[in-house]
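Residue-level structural notes
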Amino acid sequence: MLDRLRIDGYRPTEFTGSKACFSLAKHWIDTCRKNHTTCKRFRPREKHEWKPTRLIKVDPHGNNLKLCTYDHLPSRVEYLTLSHCWGETQDECIKPTNENIESFQKELPDLQHAQTFKDAITATRKLGFEYIWIDSLCIIQNQENNEDWLKEACQMSSVYKYSTCNITATSAEDDTGGCFFDRKIDNSIPARITVESTLSRPVTFDINCLAQVHWNADVENAPVNERGWVLQERLLSPRLLHYTKHQLYWECNELLASESYPWGFSNIIDESEPSRSSIRIPTNRTSSAFSQNPHVALHAIFAPRSNIQGVFRRGLIKTWMDIVTFYTKSKLTYKTDKLIAISAIARELLSTQQSEYLAGLWDRNLVFELERKVCYDDFGQEVWPSETRYIAPSWSWASLEVS
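Predicted model, so just to flag it, every value in this text is computed and none were measured. Numbers given to residues run from 1 along each chain, matching the order in which its sequence is written. The predicted nature of this model means local features are confined to residues of pLDDT at least 70 and side-chain atom pairs, given and counted, to a pLDDT of 80 or more, with totals for whole chains, interfaces and linings taken over all residues. Heavy atoms throughout the structure, all of them, feed into the side-chain values; hydrogens and water do not.

1. Re the overall build of the protein
- Only DSSP runs of H or I reaching four residues or more are called helices, and only runs of E reaching two or more are called strands; each is numbered from the N terminus. Helix and strand counts for the protein come out as 14 helices and 12 strands.
- Contacts are assigned to residue pairs with any non-hydrogen atoms lying within 4.5 Å of each other. Contacts in the protein between residues far apart in sequence, at least 24 positions, make up 69% of those at least 6 positions apart.

2. Quick look at the confidence of the model for the protein
- Each residue carries a pLDDT score, the predictor's confidence in it, ranging from 0 to 100. Averaged over every residue, the pLDDT of the protein is 77; residues scoring 70 or more account for 72%.
- The low-confidence segment residues 282-314, where pLDDT is below 50, has 71 contacts with residues more than four positions distant or belonging to other chains.

3. Points about helix H9 (residues 228-236)
- Each residue gets one of three labels from its accessible area relative to the maximum for its type: buried under 20%, exposed over 50%, partly exposed in between, using a 1.4 Å probe on protein chains only. Most of H9 is tucked away: nine of the nine residues are buried.
- Among the residues of H9, Gly228, Trp229, Val230, Leu231, Gln232, Glu233, Arg234, Leu235 and Leu236 are the ones counted as buried.

4. Thoughts on the nonpolar core
- Note on terminology: a nonpolar core comprises buried Ala, Val, Leu, Ile, Met, Phe, Trp, Tyr and Cys residues joined through side-chain atoms within 4.5 Å. Residues Ile132, Trp133, Leu241, Tyr243, Trp250 and Trp320 are the most contacted members of the largest nonpolar core, which totals 85 residues.
- If you tally residues by element for this core, the top one is helix H1 (residues 19-35), at eight residues.
- Aside from chain neighbours lying at most four places away, what touches tryptophan 250 is Trp28, Ile29, Cys32, Cys165, Arg239, Leu240, Leu241, Leu255, Leu256 and Ala257.
- In this structure, Trp215, Val219, Tyr249 and Leu256 belong to the second largest nonpolar core, which totals five residues.

5. Here's the deal with the sheet that holds strand E1 (residues 54-58)
- When DSSP finds two or more bridges between two strands, those strands count as paired. With respect to topology, eight strands assemble into an open sheet ordered E2-E1-E4-E3-E5-E8-E9-E10, the strand pairing being mixed. Each of the sheet's edge strands pairs with one partner strand only, and the pair in question is strand E2 (65-69) and strand E10 (255-258). Averaged over neighbouring strand pairs, the angle between their axes works out to 25° when direction is ignored.
- Bridging between strand E8 (residues 239-243) and strand E9 (residues 248-252) involves five bridges; their strand directions are antiparallel. Note that in E9 the partner of arginine 239 across the bridge is cysteine 252.
- Convention adopted: a line fitted to C-alpha atoms gives each axis, helices being fitted over their contacting stretch, and angles between N-to-C directions are expressed from 0 to 180 degrees. Along the sheet face, H9 touches strand E3 (80-83), strand E5 (165-169), E8 and E9 and points at about 150° away from the line of E3.

6. So, the pattern of salt bridges
- The rule for a salt bridge is simple: a side-chain nitrogen of Lys or Arg has to be within 4 Å of a carboxyl oxygen of Asp or Glu. This structure, assessed with the given rule, holds six salt bridges.
- Between arginine 54 and aspartate 148 there is a salt bridge, and its shortest N-O distance comes to 3.1 Å. Here the residue arginine 54 occupies a position in strand E1, and aspartate 148 occupies one in helix H5 (residues 147-154), the gap between them amounting to 94 residues. You'll find arginine 54 and aspartate 148 in the same group, each marked buried.
- Lysine 57 serves as the salt-bridge partner of glutamate 130, at 2.8 Å between the closest nitrogen and oxygen.

7. Quick look at the packing of aromatic side chains
- Side-chain rings of Phe, Tyr and Trp (the six-membered ring for Trp) are treated as a pair once their centres are within 6.5 Å; stacked means planes under 30 degrees apart, edge-to-face means over 60, and tilted covers the remaining angles. As enumerated under the stated definition, the model contains 10 aromatic pairs in all.
- On the numbers, 5.7 Å between centres and 85° between planes, the contact of tryptophan 320 with tryptophan 362 is edge-to-face. Separated by 42 residues along the polypeptide, tryptophan 320 in helix H12 (residues 309-328) and tryptophan 362 in strand E12 (residues 361-362) bring together distant segments of the chain.
- With a relative accessible area of 0%, tryptophan 362 lands in the buried category.
- Members of the aromatic cluster, connected to one another through ring pairs, are Phe15, Phe22, Phe180 and Tyr243.
- Either the NZ atom of lysine or the CZ atom of arginine qualifies as a charge over a ring when it sits within 6 Å of the ring centre and within 35 degrees of the ring normal. One residue, arginine 43, lies across the ring of tyrosine 162, its end atom 4.4 Å from the ring centre.
- Positioned above the aromatic ring of tyrosine 70, the side-chain terminus of lysine 51 is 4.7 Å from the ring centre.

8. Examining the side chain of serine 237
- Within the fold, serine 237 resides in the loop between H9 and E8.
- Look at serine 237 and you get buried, because its relative accessible area is 0%.
- Polar contacts, as counted here, are pairs of nitrogen or oxygen atoms within 3.5 Å of one another; within protein the pair requires one atom able to donate a hydrogen and one able to accept it, and residues that are adjacent in sequence qualify only if both atoms are side-chain atoms. A distance of 2.6 Å separates the side chain of serine 237 from the backbone oxygen of glutamate 233, its partner in a polar contact.

9. A short note on the pairing of E5
- For E5, a buried count of five out of five residues is recorded, marking the element as mostly surrounded by other parts of the structure.
- Both E5 and E8 contribute to a ladder of four bridges, which runs parallel. Residue pairing for E8: asparagine 166 is matched across the bridge by leucine 240.

10. Overview of the side chain of histidine 84
- Here histidine 84 is to be found in the loop between E3 and helix H2 (101-106).
- Using a relative accessible area of 1% as the deciding quantity, one classes histidine 84 as buried.
- Polar side-chain contacts of histidine 84 include one of 2.6 Å to the side chain of aspartate 175.
- Apart from the residues within four sequence positions on either side, histidine 84 is in contact with Thr116, Phe117, Ile134, Asp135, Ser136, Ala169, Asp175, Val224, Arg227 and Val230.

11. A closer look at the environment of cysteine 68
- Mapped onto the secondary structure, cysteine 68 falls in strand E2.
- Relative accessible area serves as the criterion here: at 8%, cysteine 68 is assigned to the buried category.

12. Considerations on unusual backbone geometry
- Positive phi, close to 50°, is recorded for arginine 76, a residue that is not glycine.
- Within the fold, arginine 76 resides in the loop between E2 and E3.
- Even without glycine at this site, glutamine 112 takes up a positive phi of about 50°.
- Note on placement: glutamine 112 falls in the loop between H2 and helix H3 (115-126).
- Under the relative-accessibility criterion, glutamine 112 is labelled partly exposed at 32%.

This is how it looks when you write it as structure tokens:
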């Protein structure tokens, strides 16, 4: 059994933002980039020089932060992204608008109480990167026609897909919560026991019978994963670093891991039901293969995060249904975002489905998907499409305000 304490620079600490925790995070990132072939994001010719419209430039030696626009970003720039809970309100002083965007390009304002942003920027610096994309700071807001937001929403899939890693403020309920937490090691990391033996050298091993419980509580059921927008951020990102109240977790195509099990623990995740971590979507490297032979390419385009054989057997349409199931259980601040907040996933699947995408449905399976099932709310009342505002066509599941 591989010992977690053999990772260079790592030891259990009482703070998830410690130097030791960053050593572990670097180990995961470096190992994935070097050894995990299915985590690579190969770019088609038309995306070869693509880069985000704006990124936050992080001074590696100081606290100076500024927005860098497309023309001032290096070619094939490496950057991180952030998934977070916005909360009920956003500090107006740090909201980019048409009026202050030029000043943001000189220097970002004091982030004040936005601890999540501060911690994400600290993580960017500590992990050795110069750029990070944070939606709240990189998209112009407060526009009457939402022009910039609509433009950025259309390329959201590329923003996350071509990032190096997504930092997730998994436990924070809003942007004041932060990424890093103090913790009690005895409650977070497995107990280490050494047994003396007269026949051999002392044997040391860890005891942790609650790994799956911790994963479900800390990650799957965390506040950030209740957000509708985060599902596509999680599925599109090649790598995710989850900062929770108890420990760090790692998620990529080839490894699920934690501080307790830094070498991986996919064998202890309950695989009887599909989970967000078991759903993968195609990369550009494999989409052409699918169009030539969908049966042969099926296993290639859905790289495993845990044992995903059940998802393979159900096929792409069932996988889309699993995605919709998870998505409709999540929350959106604006119900009118319902189709937009899942559009990036649909856009990625579009090149592999050999099918037209129709407001949350696929035409090759349209008859089955149009089958009307009566939906009920928590009070037992039938749910029908909203008559007061347009969300989606009445024949789409997206028109119903129910999970």
